[in-house]
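Here is how the chains run, residue by residue.
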Amino acid sequence: MNYYIGLYSPNKAKRDIDEIMQSMNFKDIAIQMEEKNKAARFFRKLLCVAKTWFVLKKGDLLLIQYPFKKYYSVLCKIARSKGCKTITLIHDLGTFRRQKLTAEMEIERLSHTDYIIVHNEKMKGWLEEHGCAVPMGNLEIFDYLSAAEPCREDEERGGFDRIVYAGGIHRRKNAFIYKTNDAIAPCHLDLYGPGELKEEDCRQWQNVSYHGLIASDEFIRVVKANWGLVWDGDSVDGCSGIWGSYLRYNNPHKTSFYLRAGMPVIVWKESAMAPFITDNKLGIAVGSLNELPERLKAIDADEYAIYKDAAMAIKEKLNSGFYFKKAFWQAAETLDLIQK
């Protein structure tokens, strides 16, 4: 039997993985109870971990979404003591995301699992360089589930220079936004999401517009743009700082969101996602946002159609859980869990 622990998370990527596992007949170990406060959430999580001791049997599999914060190592140890295998799907590495773990601490934690599904080859390489000897497989890109369907009605602007950025807007995470107006002229950037940026902040900008927060499904249905921008950090000349540098190793869920909306993407050429995006004609990679005006001006209708068609095609895979399922079956084969 395949198991998971389906605790609610505000993280859309984690919720999608739970839903995909349900469709694959995984059984949820989580205890159903009302969570009224932080203490109740803590107690429920503790009960779920304890329950694994009584539920797991020899030959079972437990898939853990990482980080699980407290109890991750305990879960792996319980599973191993019961003769079970564990597969760990990484969402974030604490060494980069919150910087509360050293690389050595992260590797020590992950050493308790039997198999790791990493985001990409860059993340796999980083783990191996720091001593991780656990077998690993590559997710390639996160899936993105949604009942919404994008509109194929492209804006007629005489070019393909309409860019959108969706996500939280804060100077500490994406200060590059405040420097974008001059860098991308005469292209246009539409911003969506919560944060400190107010509409009046944009009044001096001719090439950037802020539209506030919009629900993700509504975004997919109604937002019209030629490109989704995957960028973070302090600078328009490359992704720098803590958040920007993390793009060298992770697969931003934002990338999947844009593609699920049928939009080709613009990524940093040094990001871990760049090879997947360019190899599959899902968008373009640039070293600086200052390159965009000339780069986008040079793209004609035929070239853009290749990117657009690829984005519209992959959205069906993302909506079906294709990439997680593929990575999972590769893991199951490696662990000899597939009956032949």
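The model shown is predicted, which means the values in this text are computed figures rather than measured ones.

## Overview of a positive patch on the surface
Inference 1: On the surface, Lys38, Arg41, Lys69, Lys70, Arg98 and Lys100 cluster together into a patch of positive charge.
Inference 2: Locating Lys100 in the fold gives a position in the loop between strand S4 (85-90) and helix H4 (103-110).

## Digging into the side chain of Asp143
Inference 1: In this fold, Asp143 is placed in the loop between strand S6 (136-138) and strand S7 (162-166).
Inference 2: Buried charge Asp143 goes without a salt bridge, the closest partner of opposite sign being Lys325 at 8.2 Å.
Inference 3: Of the polar contacts made by the side chain of Asp143, one reaches the backbone nitrogen of Tyr323; its length is 3.1 Å.
Inference 4: Engagement of the side chain of Asp143 in a polar contact is seen with the backbone nitrogen of Phe324, the distance being 2.8 Å.
Inference 5: Apart from the residues lying within four places of it in its own chain, the contact partners of Asp143 are Asp16, Ile20, His253, Ser256, Lys317, Leu318, Gly321, Phe322, Tyr323 and Phe324.

## Concerning unusual backbone geometry
Inference 1: Of note, the bond from Tyr66 into Pro67 is cis; its omega dihedral lies within 30 degrees of zero at 10°.
Inference 2: Of note, Pro67 is situated in the loop between strand S3 (61-66) and helix H3 (72-81).
Inference 3: Residue Pro186 is bonded to the preceding Ala185 through a cis peptide linkage, with omega at 5°.
Inference 4: Of note in this structure, Asp336 is not a glycine but carries a positive phi near 60°.
Inference 5: Of note, Asp336 is situated in the segment after helix H14 (322-334).
Inference 6: Asp336 gets classed as exposed once you look at its relative accessible area, which sits at 59%.

## With respect to the nonpolar core
Inference 1: Phe219, Trp227 and Tyr258 are the most contacted members of the largest nonpolar core, which has 84 residues in total.
Inference 2: One finds Ile78, Ile116, Val118 and Trp126 within the second-largest nonpolar core, a separate group that totals 36 residues.

## Thoughts on the packing of aromatic side chains
Each pair of aromatic rings is reported with the distance of its centres and the angle of its planes.
Inference 1: Applying the stated criterion to the full structure yields 18 aromatic pairs.
Inference 2: A centroid spacing of 6.3 Å and a plane angle of 70° characterise the contact between Tyr178 and Trp205, whose relative ring orientation is edge-to-face. Taken as a pair, Tyr178 in the loop between helix H6 (171-174) and helix H7 (180-184) and Trp205 in the loop between strand S8 (188-192) and strand S9 (208-210) lie far apart in primary sequence, 27 residues in all. In this pair, the class of Tyr178 matches that of Trp205, namely buried.
Inference 3: Seen in terms of ring centroids, Tyr192 and Phe219 are 5.6 Å apart; in terms of plane orientation they differ by 90°. Their pairing is edge-to-face. With a gap of 27 residues between them, Tyr192 in strand S8 and Phe219 in helix H8 (residues 216-222) connect regions that are remote in the sequence. An identical accessibility class is assigned to Tyr192 and Phe219; each is buried.
Inference 4: What links up through ring pairs into an aromatic cluster is the set Tyr144, Tyr192, Phe219, Phe257 and Tyr258.
Inference 5: In this structure, Lys45 is placed above the aromatic ring of Phe68, and the distance from its NZ or CZ to the ring centre is 4.3 Å.
Inference 6: Directly above the aromatic system of Phe322 lies the positively charged group of Lys317, at a separation of 4.6 Å from the ring centroid.

## What about a nonpolar patch on the surface?
Inference 1: On the surface, Phe42, Phe43 and Leu46 cluster together into a nonpolar patch covering about 270 Å² of accessible area.
Inference 2: Note that Phe43 resides in helix H2 (residues 38-55).

Conventions and cut-offs
- One numbering rule holds for all chains: residues counted from 1, following each sequence as written.
- Thresholds applied to this predicted model are a pLDDT of at least 70 for local features of residues and 80 or more for the giving and counting of side-chain atom pairs; totals over whole chains, interfaces and linings are not thresholded and use all residues.
- Only hydrogens and water are removed before side-chain values are computed, so all heavy atoms of the structure are retained for them.
- Put simply, a patch holds well-exposed residues, over 30% relative accessible area, that have no salt bridge, with like charges counted together within 9 Å and Val, Leu, Ile, Met, Phe, Trp or Tyr side chains within 5 Å.
- Computed with the Shrake-Rupley method and a 1.4 Å probe, the accessible areas treat only the protein chains shown as cover for residues.
- Salt bridges, as used here, are contacts in which a Lys or Arg side-chain nitrogen is within 4 Å of a carboxyl oxygen on Asp or Glu.
- We score Asp and Glu as negative and Lys and Arg as positive, and we do not count His or the chain ends.
- Each charge is placed at NZ for Lys, CZ for Arg, CG for Asp and CD for Glu.
- Helix and strand assignments come from DSSP, with helices taken as H or I runs of at least 4 residues and strands as E runs of at least 2, each series counted from the N terminus.
- Accessibility here uses a 1.4 Å probe with only protein chains present; expressed as a share of the type maximum, an area under 20% marks a residue as buried, one over 50% as exposed, and anything in between as partly exposed.
- Two N or O atoms form a polar contact when they lie within 3.5 Å of each other; inside protein one atom must be a possible hydrogen donor and the other a possible acceptor, and for residues adjacent in sequence the pair counts only when both atoms belong to side chains.
- Should any heavy atoms of two residues lie within 4.5 Å, those residues are counted as being in contact.
- To qualify as a nonpolar core, a set must consist of buried Ala, Val, Leu, Ile, Met, Phe, Trp, Tyr and Cys residues joined through side-chain atoms within 4.5 Å.
- Ring pairs shown here join Phe, Tyr and Trp side chains whose ring centres sit within 6.5 Å, with only the six-membered ring taken for Trp; geometry is labelled stacked below 30 degrees between planes, edge-to-face above 60, and tilted in between.
- Lysine NZ or arginine CZ positioned within 6 Å of the ring centre and within 35 degrees of the ring normal marks a charge as sitting over the ring.

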